[in-house]
Amino acid sequence: MPVIALVSAVLVLTLEQYVEGKYGIAGIIGLLLLTLGIKANSPGVSSAGAVLLALLVARPAL
């Protein structure tokens, strides 16, 4: 069980570093809002995070 927790922690940190490197602070805020909204069972907060991430991803195409 500790191995699974360690692997998941490494994956989460890697994802955060990738998002911050590619999309900056706004990407980290969007990921944080999405994660907090899912954990708190708050559709408004998770939707705000998802919309922010979608706008960051679609920005070059617009």
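What you see is a predicted model; the values in this text were computed from it and never measured. (Residues numbered from 1 in each chain as written. Predicted model: local features only at pLDDT ≥ 70, side-chain atom pairs only at ≥ 80, totals over all residues. Heavy atoms only, no water.)

Student: Could you clarify how one ought to interpret the environment of K39 in this entry?
Tutor: Along the chain, the position of K39 falls in helix α1 (residues 2-39). Sequence separation of K39 and A54 is 15 residues, and the distance between their C-alpha atoms is 20 Å. (Helix = DSSP H or I, 4+ residues; strand = E, 2+ residues; numbered from the N terminus.)

Student: How should the environment of I28 be read in this particular structure?
Tutor: One can find I28 in helix α1. Using a relative accessible area of 25% as the deciding quantity, one classes I28 as partly exposed. For the pair formed by I28 and V7, sequence separation is 21 residues and the distance between their alpha carbons is 21 Å. What I28 contacts, discounting residues up to four positions off in sequence, is E16, V19 and E20. (Buried < 20%, exposed > 50% of the residue type's maximum accessible area, 1.4 Å probe, protein only. Contact = heavy atoms within 4.5 Å.)

Student: What am I meant to see in the packing of α1 against helix α2 (residues 43-58) here?
Tutor: Packed helices, taken two at a time, are described by their axes: the angle between them and the distance between them. It is the contact of α1 with α2, at a shortest axis distance of 7 Å, that shows an interaxial angle of 150°. In terms of orientation, α1 and α2 fall into the roughly antiparallel class. Handedness of the crossing formed by α1 with α2: left-handed. Residues Y23, A26, G27, I29, G30, L31, L33, L34, G37 and I38 of α1 form the contact with α2, whose participating residues are V45, S46, G49, A50, L52, L53, L56 and V57. Residue classes in the contact of α1 with α2 are distributed as 13 nonpolar, five polar and no charged. (Axes fitted to C-alpha atoms, helices over the stretch in contact; angles between N-to-C directions. Parallel < 35°, antiparallel > 145°, perpendicular 65-115°, else oblique. Left-handed = near helix turned anticlockwise from the far one by under 90°. Nonpolar A, V, L, I, M, F, W, Y, C, P; charged D, E, K, R; others polar.)

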